Amino acid sequence: MNGVSECARVQGFDEKKIGKIELALEEALVNICKYSYPDEPGDAEVNCKQDNNRFIIEIVDSGIPFDMTSLPSPDITSSVEQRKIGGLGIFLIKKTVDEVDYRREGNFNILNLTVNRDDDT
């Protein structure tokens, strides 16, 4: 995670925005561990790049297919006691970054988390 944070720092993001990027990345990696590799450990490769005014974190793993973008948003209006367990991490990712894109290429899950560079950084 330090590498992604350093990339974001080099791109001029402030510490508050970097904290949000770190949170989204951590949640994504937890989901990959839990759903792409439910029975055994696996690997994930994390890359970051800049594309115009967008900072893109690409996470690639070879676990079972898992498209977090296809899951419905959790019901956050119900009381904690009435809510279903799970889904808040994905909700948090979607609220923290500007775009979340998933695709499956061959045996690989590819998840892109995009943060737009704006005047609020």
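In case you missed it, the structure is sitting above this.
Every value quoted in this text rests on a predicted model; they were computed, and no experiment measured them.

### Here we look at empty space enclosed by the protein
Under the definition given, this model contains one cavity of 30 Å³ or more. Contributing to the lining of the largest cavity are Ile32, Ser36, Ile59, Asp61, Phe66, Met68, Tyr102, Asn109 and Leu111. Mapped by element, the contributors of at least two residues to the lining of the largest cavity are α2 (15–36), β2 (54–61) and β4 (108–116). Here the lining of the largest cavity is composed, by residue class, of six nonpolar, two polar and one charged.

### So, the pattern of salt bridges
Counted by the stated rule, this structure contains six salt bridges. Note that glutamate 6 is salt-bridged to arginine 9, the shortest N-O span being 3.3 Å. In this pair, glutamate 6 and arginine 9 are both assigned in helix α1 (residues 2–10), three residues apart and thus about one turn of the helix distant. The exposure class of glutamate 6 is partly exposed, given its relative accessible area of 41%. Residue classification places arginine 9 among the partly exposed positions, given a relative accessible area of 34%. Here the residues in one salt-bridge network are Glu6, Arg9 and Glu15, joined through shared partners.

### Side note on the sheet that holds strand β1 (residues 44–51)
In any sheet, the strands associate via hydrogen bonds between backbone groups, in a parallel or an antiparallel arrangement. Spatial strand order, β1-β2-β4-β3: four strands in an open sheet with antiparallel pairing. Every other strand in the sheet has two partners, leaving β1 and β3 (99–105) as the edge strands with one partner each. On average, adjacent strands in this sheet sit at an angle of 20° to one another, irrespective of strand direction. As judged from the eight bridges shared by β1 and β2, these two strands associate in the antiparallel manner. Bridge pairing in β2 links glutamate 45 to valine 60. Contacts between α2 and the sheet are confined to β1, β2 and β4, with β2 contributing the most and set at about 20° to the helix.

### Digging into the pairing of β3
In this structure, β3 lies alongside β4, joined through seven bridges in antiparallel fashion. Residue pairing across strands places tyrosine 102 opposite leucine 111, the latter belonging to β4. Two successive antiparallel strands, β3 and β4, enclose a turn made up of two residues, where glycine 106 displays a positive phi of approximately 60°.

### Quick word on the nonpolar core
Counting residues in each nonpolar core, the largest one holds 23 residues, and the members touching the most others are Phe55, Ile57, Ile59, Met68, Leu111 and Leu113. Mapped by element, the contributors of at least two residues to this core are α1, α2, β2, α3 (88–96), β3 and β4. The greatest single-element share of this core, amounting to six residues, is contributed by α2. Residues in contact with leucine 111, not counting those within four places in the same chain, are Ala28, Ile57, Glu58, Ile59, Met68, Val100, Asp101 and Tyr102.

### Concerning unusual backbone geometry
In this model, asparagine 52 sits at a positive phi of 55°, which is unusual for a non-glycine residue. Position of asparagine 52 relative to the elements: it lies in the loop between β1 and β2. Since its relative accessible area comes to 67%, asparagine 52 is described here as exposed.

What counts and what doesn't
Residues numbered from 1 in each chain as written. Predicted model: local features only at pLDDT ≥ 70, side-chain atom pairs only at ≥ 80, totals over all residues. Heavy atoms only, no water. 1 Å grid on protein atoms, 1.4 Å probe; cavity = no way out; pocket = protein on both sides within 12 Å on 5 of 7 lines; lining within 4 Å. Points joined across faces, edges and corners; volume = space filled by probe spheres on them. Helix = DSSP H or I, 4+ residues; strand = E, 2+ residues; numbered from the N terminus. Nonpolar A, V, L, I, M, F, W, Y, C, P; charged D, E, K, R; others polar. Salt bridge = Lys/Arg side-chain N within 4 Å of Asp/Glu carboxyl O. Buried < 20%, exposed > 50% of the residue type's maximum accessible area, 1.4 Å probe, protein only. Pairing = 2+ DSSP bridges. Axes fitted to C-alpha atoms, helices over the stretch in contact; angles between N-to-C directions. Contact = heavy atoms within 4.5 Å. Core = buried A, V, L, I, M, F, W, Y, C linked by side-chain atoms within 4.5 Å.

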